[in-house]
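# Summary of the model geometry
Here's the letter readout for the chains.
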Amino acid sequence: MSSGQNRSRVNEPYWAEIYPKGNTGVFWDLVDFPIPECDPYLISKNIKSTLEDKGCHNGPVSIQLYQDEKNLLPKELIDKYESAGISINFVPDIPEAYGYARDHKMLVDILRWAVDSPIESNLIVLSKNLKESLTVSVIRSLHGRGYNVVLAVPTKHIPFTESSAWLWDSLCASLSSDGGRSSQHVDNKADTVAVADSV
């Protein structure tokens, strides 16, 4: 992709084409966007199915989930997530991180993913706290290089993406229809989508 194409796309505020062949990295804050509790294999299957519906058919999909350490799961369930191809990260609440510990961890993982992913890959981030200057700079840089960036909550600092709340909304709906057990946070779904769509 030429630099001219990259610049033109940065100026298109809601460009959200999904590249069909590049890698797709899903970085998901479970505190901000909770999902129903169910079999990790079902979560993996339905995330990939939802992405296929958006045109992501051929490239590999990696899924990283982020949760507060206080909600640590039993080891056998963590092992099931890993076996299903989902990395679940339990992040301690570090005072020095000013409430953004999960996003700091997520940013490091996004950079690692980008190193191993070709241009024209899809970066999908579900988090409400992408506000710090370093995070904004990294995401804008990746988009400028040709990565397709889709955020759950676009901000005035990163205005070039549609809301990725469709992924969370579709996943919750599909898991519920498959018999997923709702978590204590899922009752906030409508409010969260409203926040995402109104930013």
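All of these numbers come straight from a predicted model, not from anything done at the bench.

The rules behind the values
- Residues numbered from 1 in each chain as written.
- Predicted model: local features only at pLDDT ≥ 70, side-chain atom pairs only at ≥ 80, totals over all residues.
- Heavy atoms only, no water.
- Core = buried A, V, L, I, M, F, W, Y, C linked by side-chain atoms within 4.5 Å.
- Buried < 20%, exposed > 50% of the residue type's maximum accessible area, 1.4 Å probe, protein only.
- Helix = DSSP H or I, 4+ residues; strand = E, 2+ residues; numbered from the N terminus.
- Contact = heavy atoms within 4.5 Å.
- Salt bridge = Lys/Arg side-chain N within 4 Å of Asp/Glu carboxyl O.

## Comments concerning the nonpolar core
In terms of nonpolar packing, the biggest core is built from 29 residues, with W28 and L126 touching the most fellow members. For this core, the secondary structure elements donating two or more residues are β1 (24–29), α2 (40–53), β2 (61–68), α3 (75–83), β3 (86–91), β4 (122–126) and α6 (165–177). At six residues, α6 tops the list of elements feeding residues into this core. Contacts of L126, omitting those with residues within four sequence positions, involve V26, F27, W28, D29, F33, M106, A152, S164, L167 and W168. With 21 residues, the next largest nonpolar core counts A101, I110, L130 and I139 among its residues.

## Observations concerning the pattern of salt bridges
Considering all chains together, one arrives at six salt bridges under this definition. In this structure, K75 and D79 form a salt bridge, with 3.0 Å as the shortest nitrogen-oxygen distance. You can see K75 and its partner D79 sitting in helix α3, four residues apart, about one turn around the helix. According to the relative accessible area criterion, D79 is partly exposed, its value standing at 35%. For the salt bridge of D109 with R112, the shortest nitrogen-to-oxygen distance reads 3.8 Å. One end of the pair, D109, and the other, R112, are both in helix α4 (residues 101–115), three residues apart, so they sit about a helical turn from each other. Residues joined in a network through salt bridges with shared partners are D29, D32, D68 and R102.

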